[in-house]
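Below, each chain spelled out in residue letters.
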Amino acid sequence: MYGLVNKAVEELVVSNFGEEKWELIKTKAGVDVDVFISNEGYPDELTYKLVSAAVEVLGLPAEEILIAFGQHWVLETAVKSYGPLMKSGGANLKDFLVNLPNFHTRVAMIYPNLEPPRFRCTDVTDDGLHLHYHSHRPGLTAFVTGLIQGLGKLYETPCSSTVLERKDQGADHDIFAITWESPATS
Ligand code: HEM
């Protein structure tokens with residue numbers, strides 16, 4: 001994965017737990033990288049090792065860390081470093097989610113070797129939809145839950161999501177049922 005992912009993990013840990021914990025996590029993970037370069041590729045395995053080491057060092061469940069990382073990704077990394085790109089994704093939560101299937105096509109203009117996830121929306125109504133998430137990478141269901149929560153906060157639209165089907169329990173792919181408070185109509 002591109003280095004900006006590892007950089008974001010570093011930011012999340014340092015801003016919440018301090019520099020020392022981050023150094024401990026890198027040591028435990030056997031990662032000997034001083035500075036991650038955003039537009040350089042790193043093995044996926046390195047990111048997974050960082051998250052596993054964070055689970056041990058911080059004493060938090062992997063799911064909790066991945067949810068926090070998803071929120072951080074939207075509210076800190078994406079909004080602060082890629083504001084115009086995020087804005088182009090939609091003017092409200094529903095539009096952003098409906099446009100999500102095409103989102104990483106635009107990201108790939110900046111990061112040409114991107115191996116993005118694939119999203120699909122079905123069952124779209126005024127106050128909810130089903131988000132289908134396809135990826136060759138295992139174990140990221142909770143990350144997507146965090147991303148959804150981050151988007152709800154970004155658009156100031158209270159929302160909730162449940163996982164209807166999980167790939168790690170034998171389904172073809174993960175399916176999230178997302179509902180939100182529909183905006184008041186006058
Ligand atoms: C400007 C904002 C964004 C940028 C720059 C971005 C960029 C990236 C990058 C670089 C990766 C790693 C893949 C690789 O390096 O091959 C990635 C993965 C991923 N992105 Fe995005 N992304 C953005 C927004 C989003 C949003 C809004 C969502 C969903 C709500 C999302 C969902 C994911 C997921 C789930 C992965 C994990 C990879 C996988 O499942 O295989 N991203 N993205």
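Just above, that's the structure.
Residues numbered from 1 in each chain as written. Predicted model: local features only at pLDDT ≥ 70, side-chain atom pairs only at ≥ 80, totals over all residues. Heavy atoms only, no water.

Turning our eyes to something else, we now look at the overall build of the protein. Summing up its helical and strand segments, the protein has 7 helices and 4 strands in all. The N-to-C order of helical and strand elements in the protein reads α-α-α-α-α-α-β-β-α-β-β. Against the compact-globule benchmark of 16 Å for 186 residues, the protein has a radius of gyration of 17 Å, which places it among compact chains. With respect to the three principal axes, the spread of C-alpha positions in the protein is 55 × 35 × 30 Å. Here the protein holds 186 residues, and 42% of them are scored as buried. By sequence separation, contacts in the protein at least 24 residues apart represent 61% of the contacts at least 6 residues apart. A total accessible area of about 10,300 Å² is found for the protein, and carbon and sulfur atoms account for 53% of it. If the 15 positive side-chain charges of the protein are averaged to one point and the 25 negative ones to another, these points end up 3 Å apart. (Helix = DSSP H or I, 4+ residues; strand = E, 2+ residues; numbered from the N terminus. Rg over C-alpha atoms; globule rule 2.2 N^0.38 Å. Buried < 20%, exposed > 50% of the residue type's maximum accessible area, 1.4 Å probe, protein only. Contact = heavy atoms within 4.5 Å. Areas by Shrake-Rupley, 256 points an atom, 1.4 Å probe, with all protein chains shown as cover. Lys, Arg positive; Asp, Glu negative; His and termini not counted. Charge placed at Lys NZ, Arg CZ, Asp CG, Glu CD.)

Despite not being glycine, Asp123 has its phi angle at roughly 55°, a positive value. Tracing the sequence through the fold places Asp123 in strand E1 (residues 118–125). One non-glycine residue, Glu156, lies in positive phi territory at about 50°. You can see Glu156 is positioned in the loop between helix H7 (141–154) and strand E3 (159–165).

A few words on the layout of surface pockets. Volume-wise, the largest pocket comes out at about 1,000 Å³. Lining the largest pocket are 47 residues; nearest its centre among them are Val5, Trp73, His104, Pro117 and Phe143. Only helix H1 (3–17), helix H3 (44–58), helix H4 (62–81), helix H5 (83–87), helix H6 (93–110), strand E2 (128–134) and H7 provide two or more residues apiece to the lining of the largest pocket. (1 Å grid on protein atoms, 1.4 Å probe; cavity = no way out; pocket = protein on both sides within 12 Å on 5 of 7 lines; lining within 4 Å. Points joined across faces, edges and corners; volume = space filled by probe spheres on them.)

Listed in full, the buried residues belonging to helix H2 (residues 19–29) are Trp22, Ile25, Lys26 and Ala29. Projected down its long axis, H2 carries its buried residues within an arc of 95°, all on one side. Exposed side of H2, more than 90 degrees from the buried face: Glu20 and Thr27 are the residues found there. The inward-facing, buried residues of H2 contact H1 and H3. (Arc of directions from axis to C-beta.)

This paragraph deals with H1. The end-to-end C-alpha distance of H1 is 21 Å, a good match for the 21 Å that 15 residues give at a rise of 1.5 Å each. Residues of H1 that are buried in the fold lie against H2, H3 and H4. Where H1 terminates, the next one or two residues include Gly18, which has phi positive at roughly 100°. (Expected span 1.5 Å × (residues − 1).)

Looking now at the packing of aromatic side chains. Within the structure shown, the criterion is met by 8 aromatic pairs. Considering the side-chain rings of Phe36 and Tyr42, the 5.3 Å spacing of their centres and the 80° angle between planes classify their relative orientation as edge-to-face. The exposure class of Phe36 is buried, given its relative accessible area of 2%. The class for Tyr42 is buried, based on a relative accessible area of 11%. Each member of the aromatic cluster is reached from another via a ring pair, and the members are Tyr2, Tyr82 and Tyr111. (Phe/Tyr/Trp six-rings, centres within 6.5 Å; stacked < 30°, edge-to-face > 60°.)

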